[in-house]
Amino acid sequence: MDQEEQDRALPIANVGRIMKQILPPSAKISKEGKQLMQECVTEFISFVTSEASDKCHKENRKTVNGDDICWALSSLGFDNYAEAIGRYLHKYRQAEREKINQHKLQPNTTKLQNYDESASKTDNQSRVTDKVENPLTTNQSG
C-alpha cells in the first residue's frame, strides 16, 4: 500500500481491534492479516461510496446520505448489509428525533456565574458569563 492509499485507509490498530472482537481471546492475528483486511475494508468503503456518489451526481445532489449508502449496498448485491444498515439508520434517526423532542420540552438552561471580585479589582469591570448548555454535547440518558 503506497503512502496515498495508507493516508485514506482505516488505522491498522482499529482494524486489528475490530477483528479481535470476533475472535476467541486466545487468538492472534498476523500483521499480514491485519494489512490485508485494512486494504479490503478500504476498497469496500470506496466501492460503496463511489456507487452512492454516482447516484447523487445523476440526481444533481452533492451530499451522500445514509439512504444513498443503503441503496448502493443493495445495488451492488449486498442486500443483507443494506437491510442491516437500513435498520440501523432507522434507529439512528429515531434517536436523533427523540433528542430534539426532549430538548424542546426542557426549559431554557441558562446559567450565570457570580460576579468575580478579583477581576473587578484589576480592570474595574464587572464580569458576568452566560453559559448556555449545548443540547448536542449535553449527556442525556434515554
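So, how was this worked out
Residues numbered from 1 in each chain as written. Predicted model: local features only at pLDDT ≥ 70, side-chain atom pairs only at ≥ 80, totals over all residues. Heavy atoms only, no water. UniProt positions renumbered as here; feature names shortened; annotations may be inferred. Patch = residues over 30% accessible without salt bridge, like charges linked within 9 Å, V, L, I, M, F, W, Y side chains within 5 Å. Areas by Shrake-Rupley, 256 points an atom, 1.4 Å probe, with all protein chains shown as cover. Salt bridge = Lys/Arg side-chain N within 4 Å of Asp/Glu carboxyl O. Lys, Arg positive; Asp, Glu negative; His and termini not counted. Charge placed at Lys NZ, Arg CZ, Asp CG, Glu CD. Helix = DSSP H or I, 4+ residues; strand = E, 2+ residues; numbered from the N terminus. Buried < 20%, exposed > 50% of the residue type's maximum accessible area, 1.4 Å probe, protein only. Core = buried A, V, L, I, M, F, W, Y, C linked by side-chain atoms within 4.5 Å. Contact = heavy atoms within 4.5 Å. Axes fitted to C-alpha atoms, helices over the stretch in contact; angles between N-to-C directions. Parallel < 35°, antiparallel > 145°, perpendicular 65-115°, else oblique. Nonpolar A, V, L, I, M, F, W, Y, C, P; charged D, E, K, R; others polar. Phe/Tyr/Trp six-rings, centres within 6.5 Å; stacked < 30°, edge-to-face > 60°. Lys NZ or Arg CZ within 6 Å of the ring centre and 35° of its normal.

- For the protein chain, the name recorded in an unreviewed UniProt entry is Nuclear transcription factor Y subunit B-4, with Cajanus cajan as its organism.
- Heading Sequence similarities (unreviewed entry) of the UniProt record for the protein chain holds this comment: "Belongs to the NFYB/HAP3 subunit family."

Things to note about a negative patch on the surface
Okay, step 1: A grouping of Asp2, Glu4, Glu5, Asp7, Glu39 and Glu43 is seen on the molecular surface, where their side chains present a negatively charged patch.
Okay, step 2: In terms of residues, the negative patch owes the most to one element, helix H1 (residues 3–8), which gives three residues.
Okay, step 3: Tracing the backbone through its elements, the reader meets Glu4 in helix H1.
Okay, step 4: Overall, the relative accessible area of 63% leaves Glu4 in the exposed class.

Observations concerning a nonpolar patch on the surface
Okay, step 1: A surface patch of nonpolar side chains, amounting to about 440 Å² of accessible area, comprises Leu10, Phe44, Ile45, Tyr81 and Ile85.
Okay, step 2: Only helix H3 (31–58) and helix H5 (79–105) provide two or more residues apiece to the nonpolar patch.
Okay, step 3: Residue position: Ile85 is located in helix H5.

Considering the nonpolar core
Okay, step 1: If you look at the biggest cluster of nonpolar residues, it comprises five residues: Val48, Ala52, Ala72, Leu73 and Ala82.
Okay, step 2: Mapped onto this core, the elements with two or more residues apiece are H3 and helix H4 (66–75).
Okay, step 3: If we ignore the near neighbours within four places in the chain, the residues touching Ala52 are Val64, Asp68, Ile69 and Ala72.

Overview of the pattern of salt bridges
Okay, step 1: Summed over the entire model, instances satisfying the criterion amount to six salt bridges.
Okay, step 2: We note a salt bridge from Glu59 to Lys55, for which the minimum N-O separation is 3.3 Å.
Okay, step 3: Lys55 sits in the buried class, given a relative accessible area of 18%.
Okay, step 4: When the shortest N-O distance is used, the salt bridge between Lys99 and Glu96 registers 3.4 Å. Of this pair, Lys99 and Glu96 both sit in helix H5, separated by three residues, roughly a single helical turn.
Okay, step 5: According to the relative accessible area criterion, Lys99 is partly exposed, its value standing at 44%.
Okay, step 6: Overall, Glu96 belongs to the partly exposed group, its relative accessible area being 26%.
Okay, step 7: What emerges from the salt-bridge pattern is a single network uniting Lys55, Glu59, Arg61 and Asp68.

Side note on the packing of helix H2 (residues 12–22) against H3
Okay, step 1: Where H2 meets H3, the closest approach of the two axes is 9 Å, and the angle between their N-to-C directions is 100 degrees. If you check the angle between H2 and H3, you find them roughly perpendicular. Contacts between H2 and H3 involve Ile12, Val15, Gly16 and Met19 on the former and, on the latter, Gly33, Lys34, Gln35, Met37, Gln38 and Val41.
Okay, step 2: Partitioning the contact of H2 with H3 into residue classes produces five nonpolar, four polar and one charged.

Considering the packing of aromatic side chains
Okay, step 1: All told, the structure shown has four aromatic pairs when counted by the stated rule.
Okay, step 2: When the centroid spacing of 5.1 Å and the interplanar angle of 85 degrees are considered together, the rings of Phe44 and Phe78 count as edge-to-face. You can see Phe44 sitting in helix H3 and its partner Phe78 sitting in the loop between H4 and H5, a full 34 residues away along the chain.
Okay, step 3: By relative accessible area, which is 32% here, Phe44 ends up partly exposed.
Okay, step 4: Where Tyr88 meets Tyr92, the ring centres are 6.3 Å apart and the plane angle is 20 degrees; that geometry is what we call stacked. Of this pair, Tyr88 and Tyr92 both sit in helix H5, four residues apart, which is roughly one turn of the helix.
Okay, step 5: On the basis of relative accessibility, which here comes to 55%, the residue Tyr88 falls in the exposed class.
Okay, step 6: Under the relative-accessibility criterion, Tyr92 is labelled partly exposed at 42%.
Okay, step 7: The rings of Phe44, Phe78 and Tyr81 are connected pair by pair, giving a single aromatic cluster.
Okay, step 8: If you follow Lys55 out to its NZ or CZ, it ends over the ring of Trp71, 5.6 Å from the centre.

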